[in-house]
Every structure is written in structure tokens, then in C-alpha cells.
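For reference, the chains in residue letters:
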Amino acid sequence: MELVKAGSGDFDTIKARPIMRIKDLTIGIHESKQVYTAVDRISMDICAGEIVGVVGESGCGKTVTNLALMGLLPKVLFVQGGSAEFECEDGHHIDLVKISGKERREINGNEISMIYQEPLTSLDPLMKIGRQVGEAVKIHNSGLSDEEVHDRVVKELGEVGLPDPHGMLEMYPHQLSGGMRQRVMIAMATVCRPRLMIADEPTTALDVTVQAQVLKLLKHINQKYGMTIVLISHDLSVISQICDRVVVMYAGRIAEAAPTQVIMTAPAHEYTKGLINSLPSMERKGSDLPCIPGHVPSTEEKREPCPFAPRCALADDICRQQEPPRRMIGEGHVVYCHFVK
Ligand SMILES: Nc1ncnc2c1ncn2[C@@H]1O[C@H](COP(=O)(O)OP(=O)(O)OP(=O)(O)O)[C@@H](O)[C@H]1O
Ligand SMILES: [Mg+2]
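The structure displayed is predicted, hence computed values, not measured ones.

**A look at the confidence of the model for the protein chain**
So, step 1. Per-chain confidence: the protein chain averages 91 in pLDDT, with 95% of residues scoring 70 or above.
So, step 2. Mean pLDDT in the protein chain bottoms out at strand β1 (residues 3-5), which sits at 33, and peaks at strand β11 (residues 245-250), which reaches 98.
So, step 3. Here residues 1-14 is a poorly scored stretch, pLDDT under 50, and it has 40 contacts once near neighbours within four places are set aside; other chains count.

Structure below.
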């Protein structure tokens, strides 16, 4: 991997070249003639070939951030500010939150793809698997013959570990297990070999055994094709299994970002510590799991300058008066907290 200084994102360090640089991205919500903030000035770099985990409780803004990158925000949400510069395969740069519809059609599926949070609702229940994956191929490869599309689909279904790929072509989504449906989704997202794949809670609805298989498949795709992956999950134990680095989001902001090993062994932000503390472990078998008191504020609720202050044991007047500064406390380790030096 090429080593260059990566710049001003949240993984500011000597590392691989960034293929996406999100800078001060802010997403607003129009509701009852008011504008609320769902995502508030987040910045991060995503580097070529890495798997980056995005973690945080429900409502922290993980999904809307990534929908904004795909140009798929629901109508009430809109990009209020910031940029998301993406380096295309041919080396030219585009701002994903400002591109035209035409550019978007060329990018989505081909350069960037997304696996959505709910696989059942993302697959067409009335369309056979072969046709659904075939459509994903045809959109970006209009010159391929039907036979070539067919061969590519069969190969891809085999690649993602589905048994009997030929038989699979004739199946409908309801005939498949949850794990198989997720593999079909992964096949659709990877068949055009995008540079970046965003996987939004790809394992949440699956039991732990199938979850482990799907994570293994994502790691395999990352290594085989050098595909960069953003893995979104509310579960740090999922993220820690395959991610190189982790971004912790809280209430539409970044709280902390660091290499996975650092996050898991030396977290600095009280929110990250709370998330790790609430993970089940064998040592604590039989005792109650600690949880973080309080809740993520809804977008309508008033937020303190440090949005975690109401739930934080360390919180002081300064957290309610001033935004926490961005502090770089180790290689690639960024924390937003007044008390971390
Ligand atoms: N369609 C919508 N209309 C209004 N508000 C929305 C909409 N979608 C998301 N939001 C709000 O934006 C904020 C961020 O939501 P988002 O779905 O990104 O959270 P998340 O971190 O992905 O949570 P989860 O873990 O539940 O998927 C939340 O406060 C949510 O209520
Ligand atoms: Mg979500």
C-alpha cells in the first residue's frame, strides 16, 4: 500500500491513501416547519483497502450518514453542509454529496455499493434471484450478452458461498434463509467490483453462527478484491471481528476514532468505554450486564455542546458550555472530550 500523509480527517496519521474524505458533513431534517440536525459536522477519511467500522447506539446517525453518500436520503433529510470527496477508479475526484443524477447513476453500484439494513425489504419478493443479480450486472455492463450476464451471476452466487448457484437462479427471496438472502445482497453489491462497499448492519437479523460466516465472507471479499468496506453496526463485538479501524458515533457526532485494537483495549471516550463495558463476556456470566444510563437524545431534543454530557460520569460545566475539542492522542486515535489530554 502507498504510504502518504492522510490529512485532516479523523484518522490523521501515516497510512494508506484515502479514497474518501468526509469533511464537516452535516445532515438536517425538515420536520413540522423546523430544521433539526441528524448529523453534525462529521469528518473522517476512509482509506483504500481497509474495513472501517462505524458504531453507536440506535439513532446516532450511522445510516443517514451513509445514505447521504449514496444520494439516497429520505425526502425530509437533506445535506446542510460539508463534503464527501471520493476518488473514482480512474483517479478523478467527485463530491458525493453534490454530484448530478447522471454521475450518481454511474457511481452507485459500480464504484460504491450499499447493503441495506433490512435485506428482506431490499430484495424484490416477486423477482427470481437470478434476475435480481442479473439486473445489477446489466445496469453497468450494457454490452454483455444474456449468456455472459448469466455466467457472471452464477459465478458470483458461487463466490459468495451460496450452494447450487444454478438452482439459486430460479428461487424467490422467501425460499431462502436469512443468511442466504444476505449473501444474495452481498453478491448484488459486489458483482460490479465497486471500490467501496457500505454494509449497514448486515448481520443484525442473523444468529451468531451465520453472523460469523457473513463477517468472514466480507473479510474474504475485502482481501480478495482489495475492496474497501464500511461496516455499520450498533454492536462493537461484530465490528471488532473484522474491522481495521473504528469510528464511534454519538448523537450525530464522532466521539472517538482509532484502530480497532486501540478502541477495544484503550478506549478514551466515556461513551466508548460504556459500549465496551456493556459487551457480554464469559467472566461476567450470571451477573447483570452494565448499561449506559440515559438515552441517545432524539433530534428534537436540546443537545449540550458535548451531546454525551447528560450520560457522562465525568461531565462538568465546561461540557455544557463549550464543544469538546478534537484531540489526537495517539497514532490514528482521535477523541472529542474535554477531559482527555
Ligand atoms: N426518515 C426520517 N425522518 C425523520 N427522521 C429521521 C429519518 N431517518 C432518520 N431520522 C433521524 O435521524 C437520526 C439518525 O438516524 P439513523 O437511522 O441514521 O440512526 P442509526 O444510527 O442508523 O440507528 P439504528 O442503529 O437504529 O439503525 C435519528 O434521530 C432518526 O430519528
Ligand atoms: Mg441504521
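**What to know about helix α4 (residues 129-140)**
So, step 1. Among all positions of α4, only I129, G130, Q132, V133, G134, A136 and V137 are buried.
So, step 2. For α4, the elements touching its buried residues are α5 (146-159), α6 (165-168) and α7 (178-190).

**Quick notes on unusual backbone geometry**
So, step 1. You will see that D164, though not glycine, has its phi angle at about 45°, which is positive.
So, step 2. With respect to the helices and strands, D164 occurs in the loop between α5 and α6.
So, step 3. You can call D164 exposed: it has 10 C-beta atoms within 10 Å.
So, step 4. With a phi angle near 45°, E201 is a residue other than glycine that sits in the positive phi range.

**With respect to helix α8 (residues 208-225)**
So, step 1. The first and last C-alpha atoms of α8 sit 26 Å apart over 18 residues, in line with the 26 Å expected at 1.5 Å per residue.
So, step 2. Here α8 has its buried residues at Q211, V214, L215, L217, L218, I221 and N222. Looking straight down α8, one finds its buried side chains confined to an arc of 155°; they lie on one side. In α8, the exposed residues that point more than 90 degrees away from the buried face are T209, Q223 and K224.

**Topic: the packing of α4 against α7**
So, step 1. For the pair α4 and α7, interaxial distance at closest approach is 8 Å and the crossing angle is 25°. Compared by their axis directions, α4 and α7 come out roughly parallel. Seen from above, α4 lies across α7 with right-handed handedness. On α7, the residues that touch I129, Q132, V133 and A136 of α4 are V184, A187 and M188.
So, step 2. Among the residues forming the contact of α4 with α7, the class breakdown is six nonpolar, one polar and no charged.

**What to know about the site of ligand 1**
So, step 1. By nearness alone, 17 residues border ligand 1, and A38, S58, K62, T63 and V64 come closest of all.
So, step 2. Residue contributions to the shell around ligand 1 peak at three residues, all from helix α1 (residues 62-70).
So, step 3. Per-class residue counts for the shell around ligand 1 are seven nonpolar, nine polar and one charged.

Parameters and conventions
Residues numbered from 1 in each chain as written. Chains lettered and ligands numbered in written order. Predicted model: local features only at pLDDT ≥ 70, side-chain atom pairs only at ≥ 80, totals over all residues. pLDDT = per-residue confidence, 0-100. Helix = DSSP H or I, 4+ residues; strand = E, 2+ residues; numbered from the N terminus. Contact = placed C-beta atoms within 7 Å. Buried ≥ 20, exposed ≤ 12 C-beta atoms within 10 Å, placed from the backbone. Expected span 1.5 Å × (residues − 1). Arc of directions from axis to C-beta. Axes fitted to C-alpha atoms, helices over the stretch in contact; angles between N-to-C directions. Parallel < 35°, antiparallel > 145°, perpendicular 65-115°, else oblique. Left-handed = near helix turned anticlockwise from the far one by under 90°. Nonpolar A, V, L, I, M, F, W, Y, C, P; charged D, E, K, R; others polar. Near = placed C-beta within 6 Å.

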